[in-house]
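For reference, the chains in residue letters:
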Amino acid sequence: MNLIKNINALVWGPPTLILILAVGIWLTFRTGAVQLTLFPRAWKRFWGMLKGDRHGSGGSSYRSLCTALGATVGTGNLAGVAGAIALGGPGAIFWMWICGILGMVTKFAEAVLAVRYRERLQGEYQGGPMYMIRKGLGKNWHWLAGLYCFFGVIAAFGVGNATQINALIGSAESVAAQFGGHLKITGKLTVGALLAILVGVLLLGGASRIGKAAEQLVPFASVCYLLMGLAVLILRWDRIGGAFSQILQGAISPKAVTGGAVGSAFLALRIGTSRGVFTNEAGMGTAAIAHGGAHVKEPCDQGLMGIIEVFLDTIVICTMTALVILCSGIPIPYGIDTGVQLTQQAFAGVLGDWTGIVIALALCCFALATVLGWGLYGARCAQYLLGEKAWKPFVLLQMVTIVIGAVLGTGTVWLLAETVNGLMAIPNLTALILLSPEVIRLTKQYKSLLPREKVARRKP
């Protein structure tokens, strides 16, 4: 455990944090802050898809977004945010916001490059950091593409599998405790085995079946969770201002908010940034694998969906979780990674114990969508390294990992997940920096066409 902590501290030390923030700042400056200037267009396009405008490339683009959101919107939004507050204080949420704002442009660039450098294999588009590195940087950088895929395969078993199942089991335990019960190890193994079978069936159906499942799971679970969170905020509306004050003050002086339990501003920054990257995955390049499969002609059109993805994940859902916890009035055990139990306690403290069941169901949908999305990512990385036939063996290993994840400890799982996240980010961010001129060129070209498009629409 101490070894894992030391490696985690090294991976998420100042160099990695500076690199993540620097890439976001650099891309924001060089693209003219596309996360702000193109956000209205991105939202309009997304809203049109929600209303049913998914003809042609729109359906493929929406499905790719749902697959990416399925892998992104998961236990990190419930358990990760709660852990960030407990370990780094409310100020950690401020740094999650900063990560989110910068992550919107980073995810835009990842999606743009994924479409720009994708390949068509076995009738499907395949894209992602490995292809943009290989095709965009040339032969001398092929090793970096292989390194990314190696980390991606490992991460698929940890970040996208074990942590999700572990948090789901923790939620089930909390619900059982509310009714005086206890989830024994046999119960955990049974739940793990059933989930493993379900995931295996869906993953073996390929990218199309994964996308269809995500298209159903993510919107339903997200809306249910947000409505319940909105109910809490309506009942505790008088504490919302105080919650924002704790977040902003905690980013500068954690001691003043946590009573000294969390006294380091850098700790708040480190926890907030690492959990922020864990939940929105901007900088990791994983969502580019999903976005690269969209049937769109213009790379920046899919880049807009990258902006929306991070906005919904971090600015909307993570903020909702943080405000519910801080407005609920429940005591926060600072210094302890509480996992999803703190989120459940916050909802139960305001709305009643029944919320534990709803959160458990929402978490089940989130976790399943995340495992499926990451299953796609890991399988694509495995195929890049070992060939097209690697898909089925990878799925079988994923099923085994689900059962193992059901009985692992929370602290160990989260530490391993965060560590591999950091390792994945380094090759991807390196490629983003080197290929940023292409992102800038495509963005300028895209923006130059927008006025003409508006004029054309005015003509009868």
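Just so it is clear, the model here is predicted, and its values are computed rather than measured.

**Brief notes about the side chain of Glu 309**
Here is step 1 of the chain: Inspection of the secondary structure assignment puts Glu 309 in helix H16 (residues 299-328).
Here is step 2 of the chain: Judged by relative accessible area, Glu 309 falls into the buried class, the value being 0%.
Here is step 3 of the chain: Here the side chain of Glu 309 touches Lys 107 through a polar contact of 2.6 Å, side chain to side chain.
Here is step 4 of the chain: If near-sequence neighbours (up to four positions away) are discounted, Glu 309 is found in contact with Leu 65, Ala 68, Leu 69, Thr 72, Lys 107, Asn 280, Ala 287 and His 291.

**Topic: the packing of helix H18 (residues 355-386) against helix H19 (residues 391-405)**
Here is step 1 of the chain: Two numbers describe how H18 lies on H19: the axes approach to 9 Å, and their chain directions differ by 140°. By the angle between their axes, H18 is oblique relative to H19. Once H18 is placed against H19, the crossing between them reads as right-handed. Along its contact with H18, which presents Val 371, Trp 374, Gly 375, Leu 376, Gly 378, Ala 379, Arg 380, Ala 382 and Gln 383, the element H19 presents Trp 391, Phe 394, Gln 398 and Ile 402.
Here is step 2 of the chain: Its residues assigned to classes, the contact of H18 with H19 comprises eight nonpolar, four polar and one charged.

**Overview of the pattern of salt bridges**
Here is step 1 of the chain: All told, the structure shown has six salt bridges when counted by the stated rule.
Here is step 2 of the chain: Across the pair Glu 438 and Arg 116 runs a salt bridge whose closest N-O atoms are separated by 2.9 Å. Taken together, the residues span a long stretch of sequence, with Glu 438 in helix H21 (residues 436-458) and Arg 116 in helix H7 (residues 91-116) at a distance of 322 residues.
Here is step 3 of the chain: For Glu 438, a relative accessible area of 14% puts it in the buried group.
Here is step 4 of the chain: A salt bridge links Arg 380 to Glu 124, with the nearest nitrogen and oxygen atoms 3.0 Å apart. Of this pair, Arg 380 sits in helix H18 while Glu 124 sits in strand S2 (residues 124-126), and the two are 256 residues apart along the sequence.
Here is step 5 of the chain: The exposure class assigned to Arg 380 is buried, which follows from its relative accessible area of 7%.
Here is step 6 of the chain: The exposure class assigned to Glu 124 is partly exposed, which follows from its relative accessible area of 31%.

**Points about H18**
Here is step 1 of the chain: Taking 1.5 Å of rise per residue, 32 residues should cover 46 Å, and H18 covers 45 Å from first to last C-alpha, within 8% of that figure.
Here is step 2 of the chain: Burial of H18 is extensive: 26 of the 32 residues sit out of reach of the surface.
Here is step 3 of the chain: Of the residues one or two after H18, Gly 387 is the one with positive phi, at around 105°.

**A short note on the confidence of the model for the protein chain**
Here is step 1 of the chain: On average, the protein chain scores 84 in pLDDT, and the residues at 70 or more come to 91%.
Here is step 2 of the chain: Taken element by element, the protein chain is modelled with least confidence in helix H5 (residues 57-72), mean pLDDT 74, and with most confidence in helix H3 (residues 34-37), mean pLDDT 94.
Here is step 3 of the chain: Segment residues 455-460 is flagged for pLDDT under 50; beyond a separation of four residues in sequence, or across chains, it makes one contact in the model.

**Looking at the environment of Ala 287**
Here is step 1 of the chain: Take Ala 287: it is sitting in helix H15 (residues 286-291).
Here is step 2 of the chain: Distance from Ala 287 to Leu 36, taken between C-alpha atoms, is 20 Å for residues 251 residues apart in sequence.

**What about the packing of aromatic side chains?**
Here is step 1 of the chain: One pass over the full model with this rule turns up 14 aromatic pairs.
Here is step 2 of the chain: A ring pair is formed by Tyr 131 and Tyr 384, whose centres lie 5.6 Å apart and whose planes are at 85°; its orientation type is edge-to-face. With a gap of 253 residues between them, Tyr 131 in helix H8 (residues 129-137) and Tyr 384 in helix H18 connect regions that are remote in the sequence.
Here is step 3 of the chain: On the numbers, 6.5 Å between centres and 80° between planes, the contact of Tyr 225 with Phe 366 is edge-to-face.

**Notes on the nonpolar core**
Here is step 1 of the chain: Ile 85, Met 130 and Trp 374 are the most contacted members of the largest nonpolar core, which has 144 residues in total.
Here is step 2 of the chain: Looking at which element gives the most residues to this core, the answer is H18, with 17 residues.
Here is step 3 of the chain: Apart from the residues within four sequence positions on either side, Ile 85 is in contact with Pro 90, Ile 93, Ala 322, Ile 325, Leu 326, Ile 332 and Tyr 334.

**As for the packing of helix H10 (residues 185-203) against H18**
Here is step 1 of the chain: In contact at an axis separation of 10 Å, H10 and H18 are set at 45° when each is read in the N-to-C sense. One way to sum up the angle between H10 and H18 is to call them oblique. Helix-helix and strand crossings are classified by hand; for H10 and H18 the assignment is right-handed. The segment H10 lies against H18, with Leu 198, Val 199, Leu 202 and Leu 203 engaging Leu 368, Val 371, Leu 372, Gly 375 and Leu 376.

**Description of the environment of Arg 116**
Here is step 1 of the chain: Of the residues examined, Arg 116 reaches a relative accessible area of 35% and is grouped as partly exposed.
Here is step 2 of the chain: Linking Arg 116 and Lys 184, residues 68 residues apart in sequence, is a C-alpha distance of 50 Å.
Here is step 3 of the chain: What Arg 116 contacts, discounting residues up to four positions off in sequence, is Pro 299, Glu 438, Arg 441 and Leu 442.
Here is step 4 of the chain: Within the local environment of Arg 116, its side chain forms a polar contact with the side chain of Glu 438, the two groups lying 2.9 Å apart.

Conventions and cut-offs
Residues numbered from 1 in each chain as written. Predicted model: local features only at pLDDT ≥ 70, side-chain atom pairs only at ≥ 80, totals over all residues. Heavy atoms only, no water. Helix = DSSP H or I, 4+ residues; strand = E, 2+ residues; numbered from the N terminus. Buried < 20%, exposed > 50% of the residue type's maximum accessible area, 1.4 Å probe, protein only. Polar contact = N/O pair within 3.5 Å; in protein donor to acceptor, adjacent residues only side chain to side chain. Contact = heavy atoms within 4.5 Å. Axes fitted to C-alpha atoms, helices over the stretch in contact; angles between N-to-C directions. Parallel < 35°, antiparallel > 145°, perpendicular 65-115°, else oblique. Left-handed = near helix turned anticlockwise from the far one by under 90°. Nonpolar A, V, L, I, M, F, W, Y, C, P; charged D, E, K, R; others polar. Salt bridge = Lys/Arg side-chain N within 4 Å of Asp/Glu carboxyl O. Expected span 1.5 Å × (residues − 1). pLDDT = per-residue confidence, 0-100. Phe/Tyr/Trp six-rings, centres within 6.5 Å; stacked < 30°, edge-to-face > 60°. Core = buried A, V, L, I, M, F, W, Y, C linked by side-chain atoms within 4.5 Å.

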